[in-house]
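Inside the fold
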Amino acid sequence: MIKTKRLELVRFDNKYAKDLFELWSDYEVIKYTYMPQLKSIDECSEKIEMFINYTDDEVVNNFIILLDGKAIGIVGSPIIDKNKAVFGLYYQLMKKYWGKGYISEAVEAFINYIRGKFPNAEFNAEVVCENPASETILRKIGFSKVGIEKNGFTLNKFTLDIVKFIG
Ligand SMILES: CC(C)(COP(=O)(O)OP(=O)(O)OC[C@H]1O[C@@H](n2cnc3c(N)ncnc32)[C@H](O)[C@@H]1OP(=O)(O)O)[C@@H](O)C(=O)NCCC(=O)NCCS
C-alpha cells in the first residue's frame, strides 16, 4: 500500500467493483482511452480481474486510489520492459473529484514508489491532444514532451494527435 497526504493506493480487488463501475461507466472518463464504457458491475469485475492478472507481484504496477476508503480512481503502469525498467503510465479519476489535485498527488506517489524499486525507471506516457489537464499533470511531475504522433488515437468518431512524454 502507498499512502499520501490524503489518499491510499491499494492493489486491485473486486470489493471495489461498485465504486469502479462509477468510474468506468462514465463516458467522459474513458473517452480518450481504449477502454469500453462499461454497462454492468459484472463487466467491471471482469475488468478488475484483468488488472489483477496484469499486475506483476514484484513490481506491483497497478493501484486503486482510495479517498476515505472509497475507490475514486486508478493509477499504474503497463510494464514495457522489466529488465530495462521501462514503463507506461495511466491514471483516471471519477469526474466529481476532478480539480482537487488528487490525481497529481497519486501519480507523484506512484512514480516515487516505482523509482524506489527501479532507480533508473523510465516512463513513457501518451496524452491525447485534447486532454490539457493530463499534460499539465505530466509537466508538473517533471516529464518532458518528446514528440507528437499525428492521428495516433482513433476510436469511434475521434481521430486525434497523441502527445508523447518521457519521465
Ligand atoms: C486527467 C484527469 C486525471 C485530471 O484530473 P484532475 O482532477 O483535473 O487533475 P488535478 O487536479 O490533479 O490536476 C490537473 C492540473 O491540470 C490543470 N488543468 C486543468 N484543466 C486544464 C486545461 N484546460 N489546460 C491546462 N491545464 C489544465 C489544473 O489546473 C491542474 O494543475 P494545477 O494543479 O497546477 O492547478 C481527469 O480529467 C481524468 O480522469 N480524465 C479521464 C482519464 C484520462 O484522460 N486520463 C489520462 C490519460 S491516461
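Notes on the structure follow. These figures come from a predicted structure and were not determined experimentally.

1. A short note on the sheet that holds strand β3 (residues 62–67)
Taken in spatial order, the 5 strands line up as β1-β2-β3-β4-β7 in an open sheet, and their pairing is antiparallel. The open sheet is flanked by β1 (2–3) and β7 (90–93), the only strands paired with a single partner. Looking at chain direction, strand β2 (residues 8–10) and β3 are connected through 3 bridges and run antiparallel. Bridge assignment links Glu8 to a residue of β3, and that residue is Leu66. Packing of helix α1 (residues 17–24) onto the sheet brings it into contact with β3, β4 (70–76) and β7, and relative to β4 it is tilted by some 65°.

2. Remarks on the sheet that holds strand β5 (residues 79–81)
The strands making up a sheet are joined through hydrogen bonds of the backbone, oriented either antiparallel or parallel. What the 5 strands build is an open sheet, ordered β5-β6-β8-β10-β9; its pairing is mixed. In this open sheet, the two strands that pair with only one neighbour each are β5 and β9 (144–155). The sheet contact formed by β9 and strand β10 (residues 158–166) spans 8 bridges and is antiparallel. Along β10, the bridge assignment pairs Ser144 with Ile166.

3. Here's the deal with the packing of aromatic side chains
Under the definition given, this model contains 11 aromatic pairs. Taken together, a centroid distance of 4.5 Å and an interplanar angle of 5° make the contact between Phe12 and Phe51 stacked. A residue pair is termed long-range when its members are at least 10 positions apart, and Phe12 in the loop between β2 and α1 and Phe51 in helix α3 (residues 41–53) qualify at 39 residues. The exposure class of Phe12 is buried, given its relative accessible area of 7%. Taken together, a centroid distance of 6.3 Å and an interplanar angle of 65° make the contact between Tyr97 and Tyr102 edge-to-face. For Tyr97, a relative accessible area of 14% puts it in the buried group. Among the aromatic residues, those joined into a cluster by ring pairs are Phe12, Trp24, Phe51 and Tyr90.

4. Looking at the pattern of salt bridges
On inspection of all chains with the given rule, the structure shows 14 salt bridges. Between Lys31 and Glu28 there is a salt bridge, and its shortest N-O distance comes to 3.3 Å. On the basis of relative accessibility, which here comes to 18%, the residue Lys31 falls in the buried class. Its relative accessible area of 34% is what places Glu28 among the partly exposed residues.

5. Details of the site of the ligand
In the vicinity of the ligand lie 20 residues, with Tyr91, Gly99, Ser104, Asn131 and Lys140 positioned nearest. One of the side-chain N or O atoms of Trp98 is found 3.4 Å from an oxygen atom in the ligand. Protein chains bury 69% of the 950 Å² of accessible surface belonging to the ligand in isolation. Residue assignment for the shell around the ligand shows that the elements contributing at least two residues are β7, α4 (102–117) and α5 (132–140). Partitioning the shell around the ligand into residue classes produces 11 nonpolar, 7 polar and 2 charged.

6. Considering the pairing of β4
Counting buried positions over the 7 residues of β4 gives 6, a clear majority of the element. Once β3 ends, the chain turns through 2 residues before running back antiparallel as β4, passing Asp68 with a positive phi of about 50°. When β4 meets β7, the two strands line up antiparallel, connected through 4 bridges. Across the sheet, residue Gly76 finds its bridge partner in β7, namely Tyr90.

7. Describing α4
With 16 residues, α4 ought to run about 22 Å at 1.5 Å a step, and its terminal C-alpha atoms sit 23 Å apart, in line with that. Among the residues making up α4, those that are buried are Tyr102, Ile103, Ser104, Glu105, Ala106, Val107, Ala109, Phe110, Ile111, Tyr113 and Ile114.

Analysis parameters
- Within any chain, residue numbers begin from 1 and follow the written order of that chain's sequence.
- Thresholds applied to this predicted model are a pLDDT of at least 70 for local features of residues and 80 or more for the giving and counting of side-chain atom pairs; totals over whole chains, interfaces and linings are not thresholded and use all residues.
- Based on all heavy atoms of the structure, the side-chain values leave hydrogens and waters out of the count.
- One bridge is not enough; two strands pair if DSSP finds at least two bridges between them.
- By the criteria applied, helices consist of DSSP H or I runs no shorter than four residues and strands consist of E runs no shorter than two, each listed in order from the N terminus.
- The contact criterion used is simple: two residues touch if any of their non-hydrogen atoms lie within 4.5 Å.
- Angles shown run from 0 to 180 degrees and are taken between the N-to-C directions of axes, each axis being a line fitted to C-alpha atoms and, for helices, limited to the stretch in contact.
- We call Phe, Tyr and Trp rings a pair once their centres come within 6.5 Å, taking the six-membered ring for Trp, and we label the pair stacked below 30 degrees between planes, edge-to-face above 60, and tilted otherwise.
- Under the scheme applied here, a residue whose accessible area is under 20% of the maximum for its type counts as buried, over 50% as exposed, and between as partly exposed, the area being computed with a 1.4 Å probe on protein chains only.
- A carboxyl oxygen of Asp or Glu within 4 Å of a side-chain nitrogen of Lys or Arg is what we treat as a salt bridge.
- Consider each residue's heavy atoms; a residue with any of them within 4 Å of a molecule or strand counts as near.
- Polar contacts, as counted here, are pairs of nitrogen or oxygen atoms within 3.5 Å of one another; within protein the pair requires one atom able to donate a hydrogen and one able to accept it, and residues that are adjacent in sequence qualify only if both atoms are side-chain atoms.
- To measure how exposed things are, a 1.4 Å probe is used in the Shrake-Rupley method; for residues, cover is taken only from the protein chains shown.
- Residues are grouped as follows: nonpolar covers Ala, Val, Leu, Ile, Met, Phe, Trp, Tyr, Cys and Pro; charged covers Asp, Glu, Lys and Arg; every other residue, Gly included, is treated as polar.
- The span you would expect from a helix comes to 1.5 Å times its residue count less one.

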